[in-house]
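# Analysis of the macromolecular model
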Amino acid sequence: MMLKSELSWSYSRDRLFLECRRAYYYHYYASWGGWEREASDLSKKAYLLRNIQNLDAWIGDIVHQVIKWILENQIQGNTVLHDEAINKTKQMFLKTWEQSRGKLWVNNVKHNLNLFEHYYNRELSRGFLAEKLVKAQRSITNIYSCGLLETISGLSKDCILRVDELDSFDFEGIKIFAVPDFAIKNELYTLYDWKTGKPTDKDALQLSCYTLYAHDKWKATIDNIQLVPVYLAQEEVSLNPIKALKTEEVKTYIRSSISEMKSCLKDASANIADIDKLPKTNDGWRCKNCRFQEICVPGQKP
């Protein structure tokens, strides 16, 4: 089955669109088909750069994968001890670091880590890397200390709705990707989102999109949904729900965002973007840490 380029929406796609429309173009349009042997040089390069991760995204990905492993084992009745999880975190840290440092992504872009700092020759001290490993391991420790595992230990498998699984739902004819990292149904539908960064004022919008997903997938009523951001990198972690934005407010925001994205297409039916309508950001500081700078910034070479 041939893949077809289509306009979809997600919180992360919206963020990139707002931060830099040119980076948005490279990520979602120039890179399309870049995995094909007959793709243009630009598509191949954009696809390669699209798959680069920065340090924080790398650590977040490790934490998400380890938590998923812990939860899936727990659901099957197999307890993963804290020390086992800590060791697995370190193993994944070292394995993926070597993938990037050894440039294994040259042979498989999709399944080998390519760190921004390696690709663009940014020096990293041992001490700095050690801090990142500590952050990842602290995040895993906090999963054990926050009470979540005890909460789900008494639940039946039918109460476990999602464990970090890619999914989507339809919103007025557009595919929306807005999936919680973990979702359970007990007295309420509780949707969790793992955060390895600091709290921001944008978190409420991101999590509020999950209410639309829960309503579409499970017919959950808004009053029967609670949203829980879990800030794992903090010293003490709580499982306190946040107040969701009003449903119509979220829908209005998504509609407006989609409309803006559509306005940058020169062929909506084929989802072909007009690069002239997707200019570079005026925030020059963003360019220094942009993975697309090799093809966007004149004279920039890794």
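Residues numbered from 1 in each chain as written. Predicted model: local features only at pLDDT ≥ 70, side-chain atom pairs only at ≥ 80, totals over all residues. Heavy atoms only, no water.

## Considerations on the packing of helix H9 (residues 203–218) against helix H10 (residues 247–262)
- Running from amino to carboxyl end, H9 crosses H10 at an angle of 105 degrees, the nearest separation of the two axes being 10 Å. Taken together, H9 and H10 sit at an angle that is classed as roughly perpendicular. When H9 is examined against H10, the residues Leu205, Ser208, Cys209 and Leu212 are found in contact with a partner set consisting of Thr247, Val250, Lys251, Tyr253 and Ile254.
- Grouping the amino acids of the contact of H9 with H10 by side-chain chemistry returns 6 nonpolar, 2 polar and 1 charged. (Axes fitted to C-alpha atoms, helices over the stretch in contact; angles between N-to-C directions. Helix = DSSP H or I, 4+ residues; strand = E, 2+ residues; numbered from the N terminus. Parallel < 35°, antiparallel > 145°, perpendicular 65-115°, else oblique. Contact = heavy atoms within 4.5 Å. Nonpolar A, V, L, I, M, F, W, Y, C, P; charged D, E, K, R; others polar.)

## Some words on the packing of aromatic side chains
- Under the criterion given, the structure shown has 18 aromatic pairs.
- For arginine 13, the ring lying beneath its charged end belongs to tyrosine 28, and the centroid distance is 4.0 Å.
- The cationic tip of lysine 88 hangs over the ring face of tryptophan 69; the distance from NZ or CZ to the ring centre is 4.7 Å. (Phe/Tyr/Trp six-rings, centres within 6.5 Å; stacked < 30°, edge-to-face > 60°. Lys NZ or Arg CZ within 6 Å of the ring centre and 35° of its normal.)

## Here's the deal with the nonpolar core
- Grouped together as the largest cluster of nonpolar side chains are 51 residues, with contacts concentrated most on Tyr24, Ile176, Leu191 and Ile254.
- With residues up to four places along the chain from it excluded, the contact list for isoleucine 176 reads Trp9, Asp167, Ser168, Phe169, Phe171, Ile254 and Ile258. (Core = buried A, V, L, I, M, F, W, Y, C linked by side-chain atoms within 4.5 Å. Buried < 20%, exposed > 50% of the residue type's maximum accessible area, 1.4 Å probe, protein only.)

## Brief notes about the sheet that holds strand S3 (residues 169–171)
- A sheet is described by the order of its strands in space; here 3 strands give the open sequence S1-S4-S3, paired in mixed fashion. Two strands lie at the open edges of the sheet, namely strand S1 (8–10) and S3, each paired on one side alone. Adjacent strand axes in the sheet meet at a mean angle of 40 degrees when their direction is disregarded.
- Sheet contacts for H10: S1, S3 and strand S4 (174–177); angle to S1, the most-contacted strand, approximately 130 degrees. (Pairing = 2+ DSSP bridges.)

## Notes on helix H2 (residues 21–30)
- Burial runs high along H2: 9 of the 10 residues are buried.
- Along H2, the residues that are buried comprise Arg22, Ala23, Tyr24, Tyr25, Tyr26, His27, Tyr28, Tyr29 and Ala30.

## Description of a nonpolar patch on the surface
- Where nonpolar side chains cluster on the molecular surface, the patch consists of Leu3, Trp32 and Trp35 and spans about 320 Å² of accessible area.
- Along the chain, the position of tryptophan 35 falls in the loop between H2 and helix H3 (41–50). (Patch = residues over 30% accessible without salt bridge, like charges linked within 9 Å, V, L, I, M, F, W, Y side chains within 5 Å. Areas by Shrake-Rupley, 256 points an atom, 1.4 Å probe, with all protein chains shown as cover. Salt bridge = Lys/Arg side-chain N within 4 Å of Asp/Glu carboxyl O.)

## Brief notes about the pairing of strand S7 (residues 225–231)
- With 6 of its 7 residues buried, S7 lies for the most part within the structure.
- Judged from the 7 bridges that link them, strand S6 (residues 189–195) and S7 form a sheet pairing that is parallel. Looking across to S7, one finds that aspartate 193 is bridged to proline 229.
- A crossover connection joins S6 to the parallel S7 through H9; in handedness this β-α-β unit is right-handed. (Right-handed = clockwise from strand over helix to strand, strands pointing away.)

## What to know about the pairing of strand S5 (residues 182–185)
- Bridge count between strand S2 (residues 160–163) and S5: 3 bridges; the pairing is antiparallel. If you follow arginine 162 over to S5, its bridge partner there is alanine 183.
- Linking two consecutive strands that pair antiparallel, namely S5 and S6, is a turn of 3 residues.

## Observations concerning the sheet that holds S5
- Judged by pairing direction, the sheet is mixed, and its 4 strands sit side by side in the order S2-S5-S6-S7 without closing on themselves. Since the sheet does not close on itself, it has two edges, and those belong to S2 and S7, each with one partner. Strand after strand, the sheet turns through a mean of 15 degrees between neighbouring axes, direction not considered.
- In the packing of helix H4 (residues 55–75) onto the sheet, the strands contacted are S2, S5 and S6, and the crossing angle to S2 comes to about 150 degrees.

## Observations regarding the pattern of salt bridges
- A complete count under the given rule lists 15 salt bridges for this structure.
- The salt bridge partner of lysine 135 is aspartate 56, with a shortest N-O separation of 3.9 Å. Taken together, the positions of lysine 135 in helix H7 (residues 126–145) and aspartate 56 in helix H4 put the pair 79 residues apart, joining distant regions of the chain.
- The class for aspartate 56 is partly exposed, based on a relative accessible area of 42%.

## Some details on the environment of asparagine 289
- Within the fold, asparagine 289 resides in the loop between helix H11 (284–287) and helix H12 (293–296).
- It is 23 Å that separates the C-alpha atoms of asparagine 289 and glutamine 206, two residues lying 83 residues apart in sequence.

## A short note on the side chain of aspartate 193
- Here aspartate 193 lies in strand S6.
- Look at aspartate 193 and you get buried, because its relative accessible area is 3%.
- In terms of polar contacts, aspartate 193 uses its side chain to reach the side chain of lysine 195, at 3.0 Å.
- Here aspartate 193 is in contact with Asp181, Gln206, Leu207, Tyr210, Val228, Pro229 and Val230, once residues within four sequence places are set aside. (Polar contact = N/O pair within 3.5 Å; in protein donor to acceptor, adjacent residues only side chain to side chain.)

## Digging into unusual backbone geometry
- The backbone phi angle of aspartate 164 is positive, close to 45 degrees, even though this residue is not glycine.
- Here aspartate 164 lies in the loop between S2 and S3.
- The class of aspartate 164 is partly exposed, set by a relative accessible area of 24%.
- Positive phi, normally seen in glycine, also occurs at lysine 219, with a value near 60 degrees.
- Along the polypeptide, lysine 219 turns up in the loop between H9 and S7.

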